[in-house]
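The residues making up each chain are set out below.
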Amino acid sequence: MPHISIKMLEGRTQAQKEKLAHDLVEVLSRDIGASTHWITCTVEDYDAEQWQDVFKTEIADKPDAVVFKKPEYDPKDLL
């Protein structure tokens, strides 16, 4: 623990995802004082249609207290 879960639209390269995961793990380690030894990270790609469900379950249906960065777009615009 802790675990970082990144869900995003497909289209990034493996190298971009690896760099993102590395950078986020480093920032999390620094900001909460946890060793990178204990931090895990996943990156999952979705197409625009699949994103509709991800958006609903991971963002729209979550309580405001846990969504620290609110969406500034309508996911239907991705279709």
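To be clear, the structure that these remarks concern was listed above.
So, here's what we can say about the structure. What you see is a predicted model; the values in this text were computed from it and never measured. (Residues numbered from 1 in each chain as written. Predicted model: local features only at pLDDT ≥ 70, side-chain atom pairs only at ≥ 80, totals over all residues. Heavy atoms only, no water.)

1. Quick notes on the environment of H3
The criterion, for reference: Only DSSP runs of H or I covering at least 4 residues are called helices, and only runs of E covering at least 2 are called strands; the numbering of each starts at the N terminus. In this analysis, two residues are considered to be in contact whenever any of their non-hydrogen atoms come within 4.5 Å of each other. Contacts described as polar in this section are N or O atom pairs within 3.5 Å, which, within protein, must combine one atom able to donate a hydrogen with one able to accept it, while residues neighboring in sequence count only if both atoms come from side chains.
Inspection of the secondary structure assignment puts H3 in strand 1 (residues 3–9). Residues H3 and C41, spaced 38 residues apart in sequence, show a C-alpha to C-alpha distance of 5.6 Å. Excluding anything up to four places from it in sequence, H3 contacts T40, C41 and T42. At 2.6 Å, the side chain of H3 forms a polar contact with the side chain of T40. Within the structure, H3 has its side chain in polar contact with the side chain of T42 (distance 3.2 Å).

2. Points about helix 1 (residues 14–32)
Heads up, the condition is: Multiply 1.5 Å by the residue count of a helix minus one, and that product is the helix's expected span. Exposure classes here rest on a 1.4 Å probe applied to the protein chains alone. A residue is buried below 20% of its type maximum, exposed above 50%, and partly exposed in between. As used here, the arc belongs to the directions running from the helix axis to the C-beta atoms.
Taking 1.5 Å of rise per residue, the 19 residues of helix 1 would be expected to cover 27 Å, and the 27 Å separating its terminal C-alpha atoms lies within 8% of that figure. Among all positions of helix 1, only K17, A21, V25 and S29 are buried. Buried residues along helix 1 cover an arc of 100 degrees about the axis, so they all sit on one side. Counted as exposed and oriented over 90 degrees from the buried face of helix 1: A15, K19, R30 and D31. Against the buried residues of helix 1 lie strand 1 and strand 2 (40–46).

3. Here we look at the packing of aromatic side chains
Pairs of aromatic rings are described using the distance from one ring centre to the other and the angle between the two planes. For clarity, the threshold we go by: When two rings of Phe, Tyr or Trp (its six-membered ring) have centres within 6.5 Å they constitute a pair, described as stacked for plane angles under 30 degrees, edge-to-face for angles over 60, and tilted for the intermediate range.
The tally for this structure, following the rule as stated, stands at 2 aromatic pairs. A centroid spacing of 5.5 Å and a plane angle of 70 degrees characterise the contact between F55 and Y73, whose relative ring orientation is edge-to-face. Here F55 is found in helix 2 (residues 48–60), whereas its partner Y73 is found in the segment after helix 2, with 18 residues between them in sequence. We classify Y73 as partly exposed; its relative accessible area is 37%.

4. A word on the pairing of strand 1
What counts here: We call two strands paired when DSSP finds no fewer than two bridges between them. A crossover gets the label right-handed when its path from the first strand over the helix to the second runs clockwise, viewed with the strands pointing away from the viewer.
In the sheet, strand 1 pairs with strand 2 via 7 bridges, with the strands oriented parallel. Residue pairing in the sheet places H3 in a bridge with T40 of strand 2. Each parallel crossover has a hand, and the one from strand 1 via helix 1 to strand 2 is right-handed.

5. Brief notes about the side chain of S29
As for its placement among the helices and strands, S29 is situated in helix 1. With a relative accessible area of 15%, S29 lands in the buried category. Among all residues touching S29, those that are not within four sequence positions of it are A34, S35, T36 and I39.

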